[in-house]
Amino acid sequence: MKKINRLKNLLVEKEKTNVWLASQLGVNSTTVSKWCTNSSQPDILMLLRIAQLLDVKVRSFYDEDVANQYDVW
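Residues numbered from 1 in each chain as written. Predicted model: local features only at pLDDT ≥ 70, side-chain atom pairs only at ≥ 80, totals over all residues. Heavy atoms only, no water.

Undergrad: Describe the overall build of the protein, and please don't skip the residues or the numbers.
TA: Check the secondary structure of the protein and you find 6 helices and 0 strands. Its C-alpha radius of gyration of 11 Å places the protein within 12% of the 11 Å reference for a compact globule of 73 residues. Looking at the protein residue by residue over its 73 residues, the buried ones come to 32%. Restricting to contacts in the protein with at least 6 residues of sequence separation, those with at least 24 account for 57%. Working note: accessible area of the protein is about 4,900 Å², and carbon and sulfur atoms make up 50% of it. One finds the centroid of the 10 positive side-chain charges in the protein at a distance of 5 Å from the centroid of its 8 negative side-chain charges. (Helix = DSSP H or I, 4+ residues; strand = E, 2+ residues; numbered from the N terminus. Rg over C-alpha atoms; globule rule 2.2 N^0.38 Å. Buried < 20%, exposed > 50% of the residue type's maximum accessible area, 1.4 Å probe, protein only. Contact = heavy atoms within 4.5 Å. Areas by Shrake-Rupley, 256 points an atom, 1.4 Å probe, with all protein chains shown as cover. Lys, Arg positive; Asp, Glu negative; His and termini not counted. Charge placed at Lys NZ, Arg CZ, Asp CG, Glu CD.)

Pasting the structure below:
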């Protein structure tokens, strides 16, 4: 499966875990794991919440090729 997002990398960079993010978002850690492995993707509102929690721009969440292809903010 093509890597769409960089959530796993961002969590490592911010020294956070899937479990921490799941608890902050009120979702199951399995859901966050699926996002980290690109098995599924968070919806746009969840993405905005993740960016805020990790203190990153939305663009940094996406793989560079995907961000450039779709001109993500």
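Still more ground to cover, so stick around.
Undergrad: Explain the packing of aromatic side chains to me, using residue names and the numbers behind them.
TA: If you walk through the whole model with that rule in mind, you get 1 aromatic pair. When the centroid spacing of 5.4 Å and the interplanar angle of 90 degrees are considered together, the rings of F61 and Y62 count as edge-to-face. A cation sits over an aromatic face here: K16 above W20, 4.6 Å from the ring centre. (Phe/Tyr/Trp six-rings, centres within 6.5 Å; stacked < 30°, edge-to-face > 60°. Lys NZ or Arg CZ within 6 Å of the ring centre and 35° of its normal.)

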